[in-house]
Protein chains: 2
Amino acid sequence: MKPNPLQRSRVVIETITPAVDGGRYAIKRTIGEIVSVEADIFADGHDMIAASLLYRHNADTSWRETPMKFFDNDRWQASFSIDRVGSYSFTIKAWIDHFLTWRRDLEKKAKAGQDVSLDLRSGHELVTSALEQAPDEERGGIKAWLDKWSDPAKPQAERVALALDSFFGERVHLHSDRSLATRYPHEFVVIADPVRARYGAWYELFPRSCNSDGKRHGSLKDVETQLPRLADMGFDVLYLPPIHPIGEAFRKGRNNNPEAQPGDVGSPWAIGGKEGGHKAVHPELGSVDDVRRLVEKAKAVNIEIALDIAFQCSPDHPYVREHAEWFKKRPDGTIQYAENPPKKYQDIYPFDFESPEADGLWQELRSVFEFWIHHGINIFRVDNPHTKGFPFWEWVIGELKRAHPETIFLSEAFTRPKVMYGLAKAGFTQSYNYFPWRNTGPELRQFMTELTRTNVREFYRPNLWPNTPDILPQFLQYGGRAGFMIRFVLAATLGASYGIYGPAFELCEDRPRAPGEEEYLDSEKYELKSWNLNAPQSIEPLIKQVNAIRRANLALHSNDLLAFHSTENEQLLAYSKRTADRSNQILIVVNLDPHHRQAGVTELNLEEFGIGPKDTFQAHDLLSNAHYLWRGPRNSIELDPKQLPAAIYHIRRHVRTENDFDYFM
Amino acid sequence: MKPNPLQRSRVVIETITPAVDGGRYAIKRTIGEIVSVEADIFADGHDMIAASLLYRHNADTSWRETPMKFFDNDRWQASFSIDRVGSYSFTIKAWIDHFLTWRRDLEKKAKAGQDVSLDLRSGHELVTSALEQAPDEERGGIKAWLDKWSDPAKPQAERVALALDSFFGERVHLHSDRSLATRYPHEFVVIADPVRARYGAWYELFPRSCNSDGKRHGSLKDVETQLPRLADMGFDVLYLPPIHPIGEAFRKGRNNNPEAQPGDVGSPWAIGGKEGGHKAVHPELGSVDDVRRLVEKAKAVNIEIALDIAFQCSPDHPYVREHAEWFKKRPDGTIQYAENPPKKYQDIYPFDFESPEADGLWQELRSVFEFWIHHGINIFRVDNPHTKGFPFWEWVIGELKRAHPETIFLSEAFTRPKVMYGLAKAGFTQSYNYFPWRNTGPELRQFMTELTRTNVREFYRPNLWPNTPDILPQFLQYGGRAGFMIRFVLAATLGASYGIYGPAFELCEDRPRAPGEEEYLDSEKYELKSWNLNAPQSIEPLIKQVNAIRRANLALHSNDLLAFHSTENEQLLAYSKRTADRSNQILIVVNLDPHHRQAGVTELNLEEFGIGPKDTFQAHDLLSNAHYLWRGPRNSIELDPKQLPAAIYHIRRHVRTENDFDYFM
């Protein structure tokens with residue numbers, strides 16, 4: 001076999017980061033974040049290497065280029081910033097820089113007192129060749145500089161000094177020959193999301209219970225009346241369970257009773273009835289126009305509306321009649337309902353993603369998203385995505401984000417870790433996760449460390465929910481009001497994105513359907529509820545206070561710099577977040593025990609705050625408004641769940657001392 | 001964009017191991033080893049998955065297939081064995097197995113007492129479709145079985161029991177529909193090397209010093225006289241520095257003197273003279289026929305000859321006249337000699353791997369290997385490969401191994417780690433490494449752990465050399481005879497492949513050219529040497545004994561199961577090797593202090609040996625022939641460097657007790 005002449009490219013580029021599965025999947029960033037790219041770059045021999053990071057927003061046709069810098073052990077680095085939603089691509093180019101090599105060697109030889117007349121001639125050749133690449137406006141200056149040190153009549157020392165001029169050296173380096181450059185064969189993709197993909201407080205409610213007394217069916221207009229309260233509490237996203245017509249066949253009754261009683265409202269996830277399917281609104285909730293109006297009203301108080309997209313049908317869904325080919329048939333010709341043997345879900349028909357007619361199905365499902373995007377929705381909470389094919393998600397989210405890069409898709413997949421990560425790789429912007437079941441210090445530390453300090457951070461963004469309509473964790477069942485406060489502070493400070501299902505959450509609703517279960521008793525999934533929002537046990541004031549703290553402190557807008565600290569009492573969990581420049585630093589300490597006062601001494605990792613081991617610093621508890629002067633890593637903390645089971649300290653590194661006093665003021 | 005119909009394949013395959021850089025480079029194995037392949041395999045929903053490992057020797061046209069087994073956390077595994085040199089490819093196929101899913105669900109439903117008449121009809125459809133794929137000889141049996149349980153007149157319980165028959169279940173599973181299988185898009189390559197690539201004791205000598213009195217020039221015929229001694233010592237490979245004509249221009253004198261004196265023999269690495277270049281033999285050494293004869297004689301005593309390939313030229317090399325286009329020119333038209341400014345190597349002309357005529361150069365260099373392969377050489381020690389382009393190595397080794405899969409290429413690259421690893425990825429079979437400079441316990445442990453317990457093991461095989469003609473490490477300069485014994489035992493037991501440069505090594509030659517340098521005084525690289533092989537300080541007996549132990553103990557033929565153990569004396573380094581089936585287990589303890597007796601207590605990791613914490617076991621020191629009965633991890637060891645600074649224990653797990661006594665014998 002003949003060698004490929006391109007193989008004369010001597011530079012090797014390897015192990016590029018960040019990357020997901022070697023570049024098979026995109027990494028994720030939001031506006032304002034940077035992509036810090038590293039790679040191993042090396043070549044044979046001792047010649048000097050130069051490398052460039054190439055990147056472009058995919059709406060642009062040309063690449064931007066920034067020089068990479070060597071930092072250690074053949075590893076090079078360069079960064080670029082995300083300033084537009086959409087997607088970016090990046091790759092790396094590297095080459096032997098014969099001009100830089102020549103400069104380095106010329107300097108060494110001249111220092112050793114060697115005759116370098118031939119080397120100066122070699123340099124002349126290199127610069128002359130670079131001149132051909134240089135833009136017109138630079139050519140004159142470089143040529144004049146070259147002529148100065150090319151004159152063999154001048155003393156060699158003078159010529160060398162001129163030739164080593166750093167200004168012209170940099171100019172020539174920029175235009176030196178790259179014809180044998182190695183370009184990494186893969187272009188890595190970065191999904192550029194809006195900030196909301198990284199940071200936001202979510203609130204879920206059932207519209208039909210809004211302003212309900214348990215009998216009256218609430219509507220989207222009733223939801224409008226909740227907006228001021230939600231805005232005052234500081235929520236950014238209001239997420240509604242499915243708002244579509246609900247099927248009547250096999251409708252479930254209260255507490256998931258297989259036999260519905262007359263008047264039972266059914267589960268919103270049994271989608272589709274005679275009034276329509278995924279593009280229709282349940283008549284008692286209102287109309288598509290009401291959705292649009294709610295979106296506008298919410299926007300006025302800085303709240304975004306998120307819809308639930310559950311790709312499944314009730315037996316009454318129009319698709320069942322019009323597109324029977326999208327469902328599996330049983331041998332008797334009926335449509336196969338959902339089942340997890342021996343359990344049967346006869347009110348739900350799943351789509352058949354292996355159907356030979358899958359093309360039409362996929363296009364239709366995409367059009368469901370398009371329909372709601374058209375009506376002002378940008379955020380979708382996707383129900384059980386792990387029961388639909390991964391290739392479908394990769395295709396549909398790819399298509400939608402290409403046309404609507406501001407959209408956000410929250411994956412509601414409570415399943416095995418690799419499946420959840422697989423959905424994130426396939427394109428989901430955010431994901432539900434195991435937070436509801438991570439309660440102890442070691443559990444929370446291990447869980448959040450995997451999400452924030454491993455490669456998982458590049459593609460998987462957790463949204464922390466202490467409860468959902470399906471999940472009332474045991475910690476909340478037995479922890480009382482303090483338990484809700486604890487789980488709330490954990491969710492809202494561990495997670496830049498978090499959410500609660502309310503008003504059940506702020507009202508500390510803790511009754512399970514049966515002991516050991518996580519289903520709510522008299523769950524709102526199957527009936528209308530009347531909520532007393534002014535009940536005394538409500539933790540609304542804490543929620544409002546914490547959301548205000550979140551907004552005011554940039555450290556809490558990202559999970560990137562989450563760090564755990566030790567304490568001498570395992571019931572006290574301490575962790576911090578900070579901005580990269582340390583302009584905002586927050587330390588959170590939570591008493592994980594909802595029943596007992598816990599006291600203990602911290603063992604802070606002060607390096608995390610840029611504080612010396614003997615420095616004095618201020619810790620201002622933003623919840624209690626107490627100010628502390630602390631010195632060193634060990635500080636006593638006591639938290640009483642009956643009052644406030646957590647502290648959120650704003651850490652100020654600099655404390656005024658006598659040295660700051662301006663005697664001449 | 002229309003969805004791709006192939007995307008109906010619902011199974012995801014990810015994170016396949018073993019792989020080097022995601023499959024960009026081959027992994028390496030030797031005959032008799034296995035490739036254990038793992039992957040994350042999952043799909044949406046709860047359907048059953050089946051997966052196959054596909055593999056083939058690249059001389060075969062069809063794939064072999066072996067079922068993968070789920071073991072944990074969505075991870076699956078299967079293996080295949082390497083039984084022929086050359087290369088193998090493997091990849092993975094996985095699919096939703098609707099038949100297995102049906103069986104699982106049928107069983108669950110029947111157990112729950114549900115009516116499964118429709119399920120039995122679904123099963124009939126699945127089996128009927130599988131029948132089309134089944135081979136003729138199986139079809140009758142499956143059909144008869146199907147007919148038995150398809151009869152609706154039979155009691156349902158009986159039909160279910162028949163339908164769940166495991167024998168026919170397995171047959172049908174094998175022929176079930178795979179039309180929507182996911183096949184991983186990449187085929188991974190395994191280089192299949194001869195055993196010698198993994199295991200061997202190497203000996204390097206300068207032929208011109210053989211039987212020399214320091215004046216007489218030795219020859220390849222003289223090397224033949226050394227073969228019985230080397231075979232008796234137990235060496236597998238005899239490696240000769242370059243045997244080609246040596247240039248006269250700028251020839252180096254003794255001790256690297258830039259001015260050679262009349263009669264100075266020059267460095268064998270200054271290749272090429274009027275008598276020829278890389279395909280010629282230095283006349284005083286003999287002829288190409290003598291090489292062939294030496295290979296034959298060596299083979300008769302189970303020794304393989306390795307040649308040194310140094311791709312560089314003396315100014316007198318025929319290439320310089322005939323192919324000036326393969327070298328860089330200076331501005332005055334002369335050829336650029338090697339330099340590392342301010343140092344100049346005027347006796348060496350490097351090839352220009354960026355030359356526009358590189359094609360011809362590459363073909364010629366390949367032909368050098370082909371020439372010596374034609375004359376019986378299969379092992380090449382390649383000099384300074386890190387000063388020649390990586391693409392060249394990937395091409396030339398790839399081409400050569402395709403035609404001659406039994407060849408072995410040892411990379412002599414003492415350079416930065418990623419460059420050394422890069423050469424291994426490009427194709428080198430084995431590599432020199434940092435062993436000469438790893439002397440303390442923590443250094444050796446860290447060094448060997450990186451090579452044997454990280455992904456490096458998949459592509460990089462170390463060959464451990466305590467000395468080379470270029471490297472007389474300080475440990476040997478100051479450690480006396482015990483120092484040589486220590487470094488020898490470490491090399492020969494830590495490394496399945498190791499080598500020494502002799503007779504300097506066994507004669508404990510320890511004089512550096514200057515203090516702090518690692519060059520030998522009066523180095524054989526520049527002069528003829530007279531060696532007294534019978535000198536009393538020779539450690540030849542230890543070498544012979546250790547090589548015999550290596551041959552007799554399979555545990556020492558691989559680095560795969562190297563494990564370090566703790567001792568309470570940091571001067572005592574303890575480590576073990578074992579076969580995968582534990583049929584051979586060796587524990588080595590080395591006193592790293594060449595000057596003092598050291599005693600201490602081991603803290604053995606007995607799990608490594610499959611021994612319980614309170615079990616008694618036998619440790620037989622194969623060096624001293626002492627037998628010990630040990631119990632538990634803590635055992636006292638004392639090693640005196642004046643006698644024997646190391647112990648090599650054969651660990652026998654089972655010790656006879658009264659329970660083994662057969663009273664009826």
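Here, every reference points to the structure presented above.
Keep in mind that what you see is a predicted model, and the values were worked out from it rather than measured.

Peer 1: Kindly report on the pattern of salt bridges, identifying the contributing residues and their values.
Peer 2: This structure, assessed with the given rule, holds 108 salt bridges over all chains. Among the ionic pairs, glutamate 38 of chain B bridges to arginine 75 of chain B, the shortest N-O distance being 2.9 Å. You can see glutamate 38 of chain B sitting in strand S3 (residues 34–42) and its partner arginine 75 of chain B sitting in strand S7 (residues 75–81), a full 37 residues away along the chain. Judged by relative accessible area, which is 23%, glutamate 38 of chain B ranks as partly exposed. Relative accessible area serves as the criterion here: at 12%, arginine 75 of chain B is assigned to the buried category. Several salt bridges share partner residues, and in doing so they unite Arg10, Asp44 and Asp47 of chain A together with Glu354 of chain B into one network.

Peer 1: Could you give me a rundown of the nonpolar core, with the residues and numbers involved?
Peer 2: In a soluble, globular protein the nonpolar side chains are often hidden away together inside. Counting 158 residues, the largest nonpolar core has Ile41, Trp372 and Trp393 of chain A as the members making the most contacts within it. Among the elements that make up this core, the one with the highest residue count is helix H13 (residues 474–494) of chain A (eleven residues). Residues in contact with isoleucine 41 of chain A, not counting those within four places in the same chain, are Val11, Val12, Ile13, Ile49, Ala51, Met68, Asp74, Trp76, Ile92 and Ala94 of chain A. One finds Ile13, Trp76, Phe90 and Ile648 of chain B within the second-largest nonpolar core, a separate group that totals 157 residues.

Peer 1: Report on the packing of aromatic side chains, specifying residues and quantitative values.
Peer 2: Within this structure, the stated rule accounts for 98 aromatic pairs over all chains. Between phenylalanine 564 of chain A and tyrosine 575 of chain A, the ring centres sit 5.8 Å apart and the planes meet at 50 degrees, which makes this aromatic pair tilted. Linking phenylalanine 564 of chain A in strand S22 (residues 563–567) with tyrosine 575 of chain A in strand S23 (residues 572–578), this pair joins segments that are eleven residues apart in sequence. A single burial state applies to phenylalanine 564 of chain A and to tyrosine 575 of chain A, both of which are buried. Each ring, one from tryptophan 362 of chain B and one from phenylalanine 392 of chain B, has its centre 5.5 Å from the other, and the planes form 65 degrees; the classification is edge-to-face. One end of the pair, tryptophan 362 of chain B, is in helix H9 (residues 358–374); the other, phenylalanine 392 of chain B, is in helix H10 (residues 390–403), and 30 residues separate them in sequence. No difference in accessibility class separates tryptophan 362 of chain B from phenylalanine 392 of chain B, as the two residues are buried. An aromatic cluster is present here, built from Phe311, Phe353, Trp362, Phe369, Phe380, Phe392, Trp393, Trp395, Phe409 and Phe428 of chain A joined pairwise through their rings. Taking NZ or CZ as reference, arginine 56 of chain A lies 5.0 Å from the ring centre of tryptophan 63 of chain A, over its face.

Peer 1: Before we move on, could you go through the environment of glutamate 138 of chain B and cite the residues and values that matter?
Peer 2: Residue and element names in this part refer to chain B. Among the secondary structure elements, glutamate 138 is positioned in helix H3 (residues 136–150). Given the relative accessible area of 18%, glutamate 138 is considered buried. If near-sequence neighbours (up to four positions away) are discounted, glutamate 138 is found in contact with Arg171 and His175. Polar contacts involving the side chain of glutamate 138 include one to the side chain of histidine 175, which spans 2.9 Å.

Peer 1: Give me the lowdown on the sheet that holds strand S25 (residues 598–603) of chain A, citing residues and values where you can.
Peer 2: Residue and element names in this part refer to chain A. If you walk across this open sheet you meet the eight strands as S27-S26-S29-S24-S23-S22-S25-S28, and the pairing is antiparallel. Both outer strands of the open sheet, strand S27 (627–631) and strand S28 (636–639), are each paired with one neighbouring strand and no more. Strand-to-strand twist in this sheet, taken as the mean axis angle between neighbours without regard to direction, amounts to 35 degrees. Taken strand by strand, helix H12 (residues 441–453) contacts S22 and S23, and its axis lies near 155 degrees from that of S22.

Peer 1: If you had to explain the environment of alanine 599 of chain A to someone new, which residues and values would you point to?
Peer 2: All names here are of chain A. With respect to the helices and strands, alanine 599 occurs in strand S25. Spatially, the C-alpha atom of alanine 599 lies 7.1 Å from that of asparagine 569, the residues being 30 residues apart in sequence. Filtering out sequence-adjacent residues up to four positions away, alanine 599 remains in contact with Asn569, Leu572, Ile637 and Glu638.

Peer 1: Would you mind going over the sheet that holds strand S29 (residues 646–652) of chain B in detail, with residue names and values included?
Peer 2: All names here are of chain B. What the eight strands build is an open sheet, ordered S27-S26-S29-S24-S23-S22-S25-S28; its pairing is antiparallel. Taken across any chain shown, the strands that pair with only one partner, and hence form the sheet edges, are strand S27 (627–631) and strand S28 (636–639). With direction set aside, neighbouring strand axes in the sheet form an average angle of 35 degrees. Note that strand S25 (residues 598–603) and S28 share four bridges and pair antiparallel. Counterpart to valine 601 in the pairing with S28 is serine 636. Docked against the sheet, helix H12 (residues 441–453) engages strand S22 (563–567) and strand S23 (572–578), running at close to 155 degrees with respect to S22. Lying on the sheet, helix H14 (residues 480–494) is in contact with S22, S23, strand S24 (585–591) and S29; it crosses S23 at an angle near 25 degrees.

Peer 1: Lay out the interface of chain A and chain B with the relevant residues and their values.
Peer 2: Contact residues are listed per partner, giving 63 residues for chain A and 64 residues for chain B. Taken together, the two surfaces of chain A and chain B that pack against each other cover about 5800 Å², and 53% of this comes from carbon and sulfur. Measuring nitrogen to oxygen at the nearest pair gives 2.8 Å for the salt bridge that ties aspartate 40 of chain A to lysine 418 of chain B. Connecting chain A to chain B are 26 residue pairs in polar contact (both at pLDDT 80 or more). Of all the secondary-structure elements, those providing two or more residues to the side of chain A that touches chain B are strand S1 (12–17), strand S3 (34–42), helix H1 (98–111), helix H2 (117–133), helix H9 (358–374), helix H10 (390–403) and helix H11 (417–426) of chain A. Of the residues belonging to the side of chain A that touches chain B, the class tally is 22 nonpolar, 13 polar and 28 charged.

Peer 1: Outline unusual backbone geometry, supporting the account with residue identities and numerical values.
Peer 2: All names here are of chain A. Backbone torsion omega between threonine 17 and proline 18 reads 0 degrees, so that peptide bond is classified as cis. Here proline 18 shows up in the loop between S1 and strand S2 (27–30). Residues glycine 502 and proline 503 are joined by a peptide bond in cis, for which omega reads -10 degrees. Looking at the secondary structure, you find proline 503 in the loop between strand S21 (497–501) and helix H14 (540–552). Phi angles above zero are rare outside glycine, and asparagine 302 is one such case at about 60 degrees. Judged by its relative accessible area of 61%, asparagine 302 falls in the exposed class.

Reading guide: rules and limits
Residues numbered from 1 in each chain as written. Chains lettered and ligands numbered in written order. Predicted model: local features only at pLDDT ≥ 70, side-chain atom pairs only at ≥ 80, totals over all residues. Heavy atoms only, no water. Salt bridge = Lys/Arg side-chain N within 4 Å of Asp/Glu carboxyl O. Helix = DSSP H or I, 4+ residues; strand = E, 2+ residues; numbered from the N terminus. Buried < 20%, exposed > 50% of the residue type's maximum accessible area, 1.4 Å probe, protein only. Core = buried A, V, L, I, M, F, W, Y, C linked by side-chain atoms within 4.5 Å. Contact = heavy atoms within 4.5 Å. Phe/Tyr/Trp six-rings, centres within 6.5 Å; stacked < 30°, edge-to-face > 60°. Lys NZ or Arg CZ within 6 Å of the ring centre and 35° of its normal. Polar contact = N/O pair within 3.5 Å; in protein donor to acceptor, adjacent residues only side chain to side chain. Pairing = 2+ DSSP bridges. Axes fitted to C-alpha atoms, helices over the stretch in contact; angles between N-to-C directions. Buried area = accessible area lost by both parts, 1.4 Å probe. Nonpolar A, V, L, I, M, F, W, Y, C, P; charged D, E, K, R; others polar.

Fair warning: the whole summary comes from geometry, so function is off the table for now.
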